[in-house]
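Structural overview for review
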Amino acid sequence: MTRALSTKTENIAASLTVAIDTLAKQMIADGKDVVSLGAGEPDFPTPTPIQDAACEAIRTGKTRYTAPVGILEVRKAVAEKLKKENGIDYAPEQIIMTSGAKHAVFNALAALVNPGDEVIIPAPYWVTYPELVKWLGGKPVFVQAGIENDFKITAKQLSEACTDKTKAILLNNPCNPTGSVYSREELASLAKVIVEKDIYCISDEVYEYFTYSGSFVSAAAFDGMPERTIVVNGFSKSYCMTGWRIGYDAAPAPIAKIIGKIQGQATHHPSNVAQYAALAALQMGKASTESMCAAFKKRRDFMVERMSAILGESVKAPAGAFYLFLPVSKLYGKTTPEGTKIEGSIDFCKFLLESEGLAIVPGAAFGDDTCMRFSYAASDESLAKACERFERGVKSLRG
Ligand SMILES: Cc1ncc(COP(=O)(O)O)c(C=O)c1O
């Protein structure tokens, strides 16, 4: 076959987090002893009431097409949740159920981005954002948030990054990979710039239930923001439903209409059964997410303590999500027992996987080569083993 394939896809990288997770799973399937802290996937089962609601949905014939935007009951429940928990007003007609939050980010960008548009992405960032922006012909503009500012960008940085081509900012709070959480005051100052510059905001809030000091505030909760903010959220992290593929966009009415149109042509709608499962999740109350959050907090504290001891310096505890973005650049330049020089985070992760059977994700995947990301959404035993392997790997480096 000689005809060219889509040139739009040429500059898109495959997801490194997915690649590492797939490789680790393959190594385990091949009988290798691998501990994987690569994937951002809670290790708890989907809560029973959600499982039961899905079985009931199947038995009662909720197995046919739904409207492209999803069933009304679940969109009403999402609208109520946003009002009650986040203090933001999005009517059910402004909610579009999607096949996960990743799909919701895609929908939002697809509704906004024209070729040449700039989309501001605070770095470190979730791996998917720049690739989707590029795929749509837009230009990712990275604003570097350093460890000295707790990996958070400032209003001044945002203001300076805006040009007449800026279409939107893609905000992720709490953040994957850094675990940073913006305070109400910090968000208010970013919101002021967003409104002044008259740009859109895509606010990915999938980790909203996982904050360990202080509460979560939605980016849409500030004056002037609801009419320019697409809130992205999902059930994968908060209800251990990664494989169910269910999430949503909450968007200003004209954008919601466009997203409904895109979805109607591209996927039609997310699984009918998963929508009923999501409805059950929204009706469950907070007990399961609160107990998960408490378990993650303990694991975070364990990881921070162990890593501080291994690196011989105090590691700051992330305020949210379930990732530790560990600064490791002081180990670069050292040599492995096999004689390979560690030049950066990719080399280091490769060494840890090959020599110690430990899968973690290089910071380079998230736009910061000085760090590596550990997901602590894993069992206590896995975390303890991972720390042992990391320590052995670090101690074996020379130079
Ligand atoms: C910031 C962020 N947004 C979205 C997603 C995707 O979630 P979902 O499984 O709902 O597509 C992830 C998953 O890792 C994530 O970290």
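Residues numbered from 1 in each chain as written. Predicted model: local features only at pLDDT ≥ 70, side-chain atom pairs only at ≥ 80, totals over all residues.

A word on the overall build of the chain. Of the regular secondary structure elements, the chain holds twelve helices and twelve strands. For a compact globule of 399 residues, the expected C-alpha radius of gyration is about 21 Å, and the chain comes in at 21 Å, within 12% of that figure. Scored against the burial criterion, the 399 residues of the chain give a buried share of 47%. A separation of at least 24 residues holds for 73% of the contacts in the chain among residues at least 6 apart in sequence. (Helix = DSSP H or I, 4+ residues; strand = E, 2+ residues; numbered from the N terminus. Rg over C-alpha atoms; globule rule 2.2 N^0.38 Å. Buried ≥ 20, exposed ≤ 12 C-beta atoms within 10 Å, placed from the backbone. Contact = placed C-beta atoms within 7 Å.)

Segmentation of the chain into domains returns domain 1 (7–45 + 287–396) and domain 2 (63–282). Counting only elements with at least two residues in the side of domain 1 that touches domain 2, the list comes to helix H1 (16–29), helix H10 (287–311) and strand S9 (323–327). With five residues, the single largest contributor to the side of domain 1 that touches domain 2 is H10. Residues belonging to the side of domain 1 that touches domain 2 are distributed by class as follows: 18 nonpolar, nine polar and six charged. (Domains from an automatic or database assignment. Nonpolar A, V, L, I, M, F, W, Y, C, P; charged D, E, K, R; others polar.)

Looking now at helix H7 (residues 184–197). Here H7 contains 14 residues, and its C-alpha end-to-end distance of 20 Å stays within 8% of the 20 Å for a straight helix at 1.5 Å per residue. Residues of H7 that are buried include every one of Leu187, Leu190, Ala191 and Ile194, and no others. Buried residues of H7, viewed axially, fall in a sector of 105°; they line one side. Turned more than 90 degrees away from the buried face of H7 sit Glu185 and Glu196, all of them exposed. Buried positions along H7 lie against helix H6 (155–161), strand S5 (166–172) and strand S6 (200–204). Within two residues after H7, aspartate 198 carries a phi angle of roughly 60°, on the positive side. (Expected span 1.5 Å × (residues − 1). Arc of directions from axis to C-beta.)

With that settled, consider the site of the ligand. Residues in close proximity to the ligand total 13 residues, the closest being Gly100, Ala101, Lys102, Gly234 and Ser236. Along the lines of polarity and charge, the residues of the shell around the ligand split into three nonpolar, eight polar and two charged. (Near = placed C-beta within 6 Å.)

Burial along strand S8 (residues 247–250) is two-sided: the face carrying Gly247 and Asp249 and the face carrying Tyr248 and Ala250 are both buried. Bridge count for strand S2 (residues 95–98) against S8 is four bridges, and the pairing is antiparallel. If you follow isoleucine 95 over to S8, its bridge partner there is alanine 250. Direction of pairing for strand S7 (residues 229–234) relative to S8: antiparallel, over a ladder of four bridges. The residue bridging glycine 234 from the neighbouring strand is glycine 247, located in S8. (Pairing = 2+ DSSP bridges.)

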